[in-house]
Amino acid sequence: MFQKNFILRTFRLNPQASMRGKGIAFLRQARYYRNRPRYVYFNDSRQYNQSSWWSRFFAYARENPRVTYGTVGVFTLFLVTHIDEAPVTHRYRLMMTAEWVENYFTQQSFRQVMAEYGNYILPSYHPISKQVSSIMVRLIAAAHDYKDPTTGERVNLFTVLGKSDIPLDKWEFYVIDDVRMGRPSPNAFVIGGGKVFLFKSLLPICEDTNGLATVLSHELGHLLADHLGERLSLSPLLFTLNIIMFSIFGSSRPGDILVNMLLNRSFSREMETEADYIGLMVMSRACFDPTGAPKLWRNMLQFEQQQGGSVPELVSTHPSSERRLENINGWMSKAKGIYEENGCYKDLRSFWYR
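About the criteria used
Numbering of residues starts from 1 in every chain and runs along the sequence as written. In keeping with the predicted nature of the model, local features appear solely for residues at pLDDT of at least 70, side-chain atom pairs appear and are counted solely at 80 or more, and the whole-chain, interface and lining totals rest on all residues. Note that water and hydrogens are dropped before the side-chain values are worked out from all heavy atoms of the structure. Pairing between strands is defined by DSSP: at least two bridges between the two strands are required. Numbering goes from the N terminus for both helices and strands, where a helix is a DSSP run of H or I of at least four residues and a strand is a run of E of at least two. Here is the rule: rings of Phe, Tyr and Trp (six-membered ring for Trp) pair when centre to centre is within 6.5 Å. Planes less than 30 degrees apart are stacked, more than 60 are edge-to-face, and the remainder are tilted. Burial classification: accessible surface area is computed with a 1.4 Å probe over protein chains only, and a residue below 20% of its type maximum counts as buried, one above 50% as exposed, and the rest as partly exposed. When the NZ atom of lysine or the CZ atom of arginine is within 6 Å of a ring's centre and also within 35 degrees of its normal, the charge is said to sit over that ring.

- In the annotation of an unreviewed UniProt entry, the chain is listed under the name Peptidase M48 domain-containing protein and assigned to Pichia kudriavzevii.

In structure tokens form, the structure reads like this:
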């Protein structure tokens, strides 16, 4: 039926034409039908199949080897020249984000946070705000004069990556009263430019000064390692890989699985682990007892179990609390070495929150 209707439509194009003309018209229509853009269907949704474009791309690459080799060479040179070494952990990663781009994103993030939580921020004279401020001052001072336990070199962790330093008077510390909001969400984060945010509901999990220092030093670790710049550097590559997966399979699902769930979240867990390590070393340098870190993660694990458990680590952006507790225990000997080398005394003073 399809072929018959197709032939009838072809011959109706010009009823007065000769048989030869009709035959030529038929061949033209058939050629167009054979080379027309293809469509595939997934869940009753039409999606364009670009496999022909992919084939043309490789055909062009084979026919123009100089252009292909030149493009690959320039791209490889660009990547190699933008390999950077993270502080403290000495991990190599791709970094190609300009500082002004990071500043733009941090300013946007700060506006969004203040728009949502600005009415629930505790005043600076509140005891909890003062406690957060005093801990952060010690952590910032330790990061400015950090002694690498491996090399023995003293470095300023704020400027070792070529970034601008943040003067102490430019730092801002905010405690969000999420309990009064009626939406307790134990969390903390540091925005580039020296903006520190802590949710009040996190304090019972911290229990004492060392637990709070563990949380704040972890967030400071993200800033010192410039994980924002690393995420922005990876975004174009992950986006390109997503496009390639869509071109091959004609669907966004394989890209979502490979790029978003496996690669992107794997990179995120690696950054979280790195922030845990940097935070533990910096808090030990600031004379906070590192043995308080495992206690915090045991409390966090207990809290997660009370909330019904956490998502599997494979599909999470953060390592599981069990994994983090295991990692910190493995790093404890090095952290204790820094703590003892600095002549620190064990601060057993606890603070209570109401």
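Looking at the pairing of strand S8 (residues 188–191)
- Across four bridges, the pairing between S8 and strand S9 (residues 195–199) is antiparallel. Within the sheet, the bridge partner assigned to Phe189 lies in S9 and is Phe197.

So, the packing of aromatic side chains
- Across all of its chains, the model carries nine aromatic pairs by this definition.
- On the numbers, 6.2 Å between centres and 45° between planes, the contact of Phe110 with Tyr174 is tilted. Of this pair, Phe110 sits in helix H5 (residues 99–117) while Tyr174 sits in strand S7 (residues 172–176), placing them 64 residues apart in sequence.
- Taking 5.3 Å as the distance between ring centres and 85° as the angle between the ring planes, the aromatic pair formed by Tyr117 and Phe199 counts as edge-to-face. Here the residue Tyr117 occupies a position in helix H5, and Phe199 occupies one in strand S9, the gap between them amounting to 82 residues. For the pair shown, Tyr117 and Phe199 are each scored as buried.
- Pairwise contacts between aromatic rings join Phe110, Tyr117, Tyr174, Phe189, Phe197 and Phe199 into one cluster.
- One residue, Lys195, lies across the ring of Phe110, its end atom 5.2 Å from the ring centre.

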